[in-house]
Amino acid sequence: MSLQVFVLLTVTGLGLAGVYFLIASGLSLIFGLMDVLNLAHGLFFTVGSYATWWVMTRFGFIDSLALRFAVAVIVAAAFGLAVGWITERFFVRRFYGDHVTQILITLGLSLSGVALIGGWFSYDPQTFPLPELFRRVVLIAGARIPVSRLLILAISVVLLAALLTFLRRTRHGLIIRAGVENREMVQAMGIDVAKSFTLVFAIGGLLAAIGGVLGAVFFAGVTPEFGLNVLVFAFIVVVIGGLGSVEGTALSAVLVGLTQQYVNFFAGAGIGDLTVVILLAATLLLRPQGLLGEVAR
Amino acid sequence: MMEVREDAVAHTAPGASGGDASGGAAAPLLRVKDLHVHRGEAHILHGLDFEVAPNRVTALLGRNGVGKTTTLLALLGLLPSKGQIEFDGEDISPQPTHRRVQGGLAYVPEDREVFTQLTVEENLRLAMQWPESEGRLPMVHDLFPELKKRSAQKAGSLSGGQQQMLALGRALLHPAKLLLIDEPTKGLAPIIITEVVAALSQATADSTVLLVEQNLRVAEELATDAVVLDEGQVAWRGRMDAMLADADLKQSLLGVGRARPAGEDGRTRSAEGDGRARPDEGADGSEDTEGGA
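The numbers attached to residues start from 1 for each chain and follow its sequence in the written order. Lettering for chains starts from A, numbering for ligands starts from 1, and both go in the order in which the items are written. This being a predicted model, a pLDDT of at least 70 is required before a residue's local features are given, and a value of 80 or more before pairs of side-chain atoms are given or counted; all residues contribute to the totals for chains, interfaces and linings.

Caption draft 1: Quick peek at the overall build of chain A. When its secondary structure is counted, chain A shows 12 helices and two strands. Strands here are runs of E lasting at least two residues and helices are runs of H or I lasting at least four, both read from the DSSP assignment and numbered beginning at the N terminus. Counting helices and strands in the order they occur from the N terminus, chain A gives α-α-α-α-α-β-β-α-α-α-α-α-α-α. Against the compact-globule benchmark of 19 Å for 297 residues, chain A has a radius of gyration of 19 Å, which places it among compact chains. Across its three principal axes, chain A shows a C-alpha extent of roughly 55 × 50 × 35 Å. Classification of the 297 residues of chain A by burial places 49% in the buried group. Note that contacts rest on C-beta atoms placed from the backbone: two residues are in contact if these are within 7 Å. Expressed as a percentage of contacts within chain A between residues at least 6 apart in sequence, the contacts between residues at least 24 apart total 77%. We take the radius of gyration over the C-alpha atoms and set the globule estimate at 2.2 Å times the residue count to the 0.38 power. Any residue surrounded by 20 or more other C-beta atoms within 10 Å of its C-beta is treated as buried, while 12 or fewer makes it exposed and the intermediate range makes it partly exposed; C-beta atoms here are placed from the backbone.

Caption draft 2: Examining the nonpolar core more closely. By convention the nonpolar core is taken to be a set of buried residues drawn from Ala, Val, Leu, Ile, Met, Phe, Trp, Tyr and Cys and joined through C-beta atoms within 7 Å. In terms of nonpolar packing, the biggest core is built from 172 residues, with Tyr20(A), Ile23(A), Ala209(A), Ala234(A), Leu180(B) and Leu211(B) touching the most fellow members. If one sorts the elements of this core by residue count, helix α1 (residues 3–34) of chain A sits on top with 17 residues. Two domains each provide a minimum of three residues to this core, namely domain 1 (27–104 + 176–257 + 265–279) and domain 2 (113–172) of chain B. For the domain bounds, the source is a domain assignment made automatically or taken from a database.

Caption draft 3: Geometry of the sheet that holds strand β7 (residues 178–182) of chain B. Residues and elements named next belong to chain B. Sheet architecture is open: six strands sit in the order β6-β7-β8-β3-β9-β10, paired in mixed fashion. This sheet does not close on itself; its edge strands, each paired only once, are β6 (105–108) and β10 (233–239). For this sheet the average axis-to-axis angle between neighbouring strands, irrespective of direction, equals 15°. Orientation is described by axes fitted as lines to C-alpha atoms, over the contacting stretch for helices, and by angles from 0 to 180 degrees between their N-to-C directions. Against the sheet, helix α3 (residues 68–76) contacts β3 (57–61), β6, β7, β8 (208–212) and β9 (225–230), and its axis sits at roughly 145° relative to β7. Strands are labelled as partners when DSSP assigns at least two bridges between them.

Caption draft 4: Representation of the sheet that holds strand β4 (residues 82–87) of chain B in the model. Residues and elements named next belong to chain B. Reading across from one edge, β2-β1-β4-β5 is the order of the four strands in this open sheet, with antiparallel pairing throughout. Only two strands of the sheet have a single neighbouring strand rather than two, namely β2 (42–52) and β5 (90–91). As paired strands, strand β1 (residues 30–39) and β2 are joined by eight bridges and run antiparallel to one another. In the sheet register, arginine 31 faces β2, and the bridge partner there is glutamate 51.

Caption draft 5: Region of interest: the interface of chain A and chain B. At the interface, 15 residues of chain A touch 19 residues of chain B. Take the side of chain A that touches chain B: its biggest share by element is five residues, from helix α7 (residues 171–181) of chain A. Residues that form the side of chain A that touches chain B fall into these classes: seven nonpolar, three polar and five charged. All residues other than Ala, Val, Leu, Ile, Met, Phe, Trp, Tyr, Cys, Pro, Asp, Glu, Lys and Arg, Gly among them, are scored as polar; the first ten of these are nonpolar and the last four charged.

Caption draft 6: Spotlight on the packing of helix α6 (residues 147–169) of chain A against helix α9 (residues 193–218) of chain A. All names here are of chain A. For the pair α6 and α9, the least separation of the axes is 10 Å and the interaxial angle reads 170°. Relative to α9, α6 is oriented roughly antiparallel. In this structure, α6 contributes Ser148, Ile152, Ile155, Ser156 and Leu159 to the contact, and α9 contributes Leu207, Ile210, Leu214, Val217 and Phe218. Along the lines of polarity and charge, the residues of the contact of α6 with α9 split into eight nonpolar, two polar and no charged. Working definition: roughly parallel below 35 degrees, roughly antiparallel above 145 degrees, roughly perpendicular at 65 to 115 degrees, and oblique for all remaining angles.

Caption draft 7: How the structure looks around the environment of Gly119(A). With respect to the helices, strands and loops of the structure, Gly119(A) is situated in helix α4 (residues 99–120). Among the residues examined, Gly119(A) registers 10 C-beta atoms within 10 Å and is labelled exposed.

Caption draft 8: Region of interest: the pairing of β7(B). Residues and elements named next belong to chain B. Buried residues dominate β7, accounting for five of its five residues. Residues Leu178, Leu180 and Asp182 line one face of β7 and the alternating positions Leu179 and Ile181 line the opposite face, and both faces are buried. Relative to β7, β6 runs parallel, the two sharing four bridges. Paired with leucine 105 across the strands is leucine 178, a residue of β7. Bridging between β7 and β8 involves five bridges; their strand directions are parallel. Within β8, the position partnered with leucine 178 by the bridge is threonine 208. Classification remark: right-handed applies to a crossover when, strands pointing away from the viewer, the course from the first strand over the helix to the second runs clockwise. With respect to chirality, the unit in which β7 leads through helix α9 (residues 190–203) into the neighbouring parallel β8 is right-handed.

Caption draft 9: View of the domain arrangement of chain B. Residue and element names in this part refer to chain B. What the domain assignment lists for chain B is domain 1 (27–104 + 176–257 + 265–279) and domain 2 (113–172). One C-alpha centre belongs to domain 1, the other to domain 2, and the line joining them spans 24 Å. In this assembly, 10 residues from domain 1 lie in contact with eight residues from domain 2. With six residues, the top contributor of residues to the side of domain 1 that touches domain 2 is α9.

In structure tokens form, the structure reads like this:
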């Protein structure tokens, strides 16, 4: 293989890893802290991608596409935050400890979200104009890399750093990290953990929605089932990384994104996806707690 | 079914002449009435009634599996219960756990339950959420200098004794009215037990404590009052020294053997082992402490 192809595949794989990380990190924290398997998380992602499409196609009054894209990121983040908050506050909160109901209710939210978006707009894939800058290419080691790929990577890394800073440097972050390990003991220290539950859902919604923005750029379009498709891989990333571990999720996202890209290119489309499932099986067999997880759940 | 022994219940009588400054006259800080707890199908607590007097240490005793830890968890609201829990004049039983703790309970759990992924400093910082906490930190560091030395270390890498100190220190940052301490010496080496007990007696002087302790010798050293559970009920309550003096009582409720003659007392200060509830030691035999400090 030529070096150019390898570099292109690597940058693309890392971009995909960024998208996976943004959806998987919230999923991992929600499961780690609340034991909730949030099947509505794909919806947060879809909401972000449709917010992008909506702003890019309907906000014609903003001439500059670059500026419009910046607005799209903010609108998507706000929608993601709101949908995450609403999901916890009005749906999930009543059913803590009741796993079957949680799965049913988040699955129901997810499916009705897809139907709502599909019915309102269309089930057909939608495309939207991107800033001219995104389509430019830069040469890295002789490979022509689209700027959009680098941008996806940069935004993902910035959000990873922001999330880690939040978790490590703030009191809310401290409570969340402690709660992921032992929720009852946090309560027994006089801390109202339920407040953190809402916060983690809102943050998870925000990150997934920005993941939706980047995903829409990465796959050059949106469909109502978009989030559901990515959610499958996000779950795999979460399990390989170790439930509740943000660092593990980041590492695992890189592993899964790169594997998918390399194998899909060299062995044929679809084989990469299969390889990822094999990676998941191998993790469950050899290290059930995940790469950086502490305990098997 | 065991009857509560009347002579023991009237515990103010021997106490009043016992030189106990705070006396039994003050209203109890905690009053538990008809406390029932079910865990799954099992009915663990069958209507507990007991009180905890202010400014003293009350030991909650009984054989393994009798419901001591369950009692603490129910008081904290970590297990659902029925009955009345009157704390500082208020029925706290409808409150969620964090509210009860904000109202003045502090908890040192069995098996420490420190946050292993957080550093020592982060564990303490998590507990520093009361206006008084800042002022209490030097006291905790004085009591357990090890915690200051190891502040950047992950709590999971501490020894059992150090984790116990962290669990205690964490609770002491809370200006609580009542400390619930569950088996602080469990699984610790004898020399560490001595250290923990010394720190405990210093930290809990003038505080109100409900202490679960399998090690009778430790309970004797720390507690003035005792509540003994048997088969999910209060079988005896009264003064600790009265209970210890009653060999029949110890035998029937705690299973402490009478095999050791009183004459052995000469060396018992260092022998923790004979204070234990003999028949059911299997679960925590590792901490058996022949030889002592």
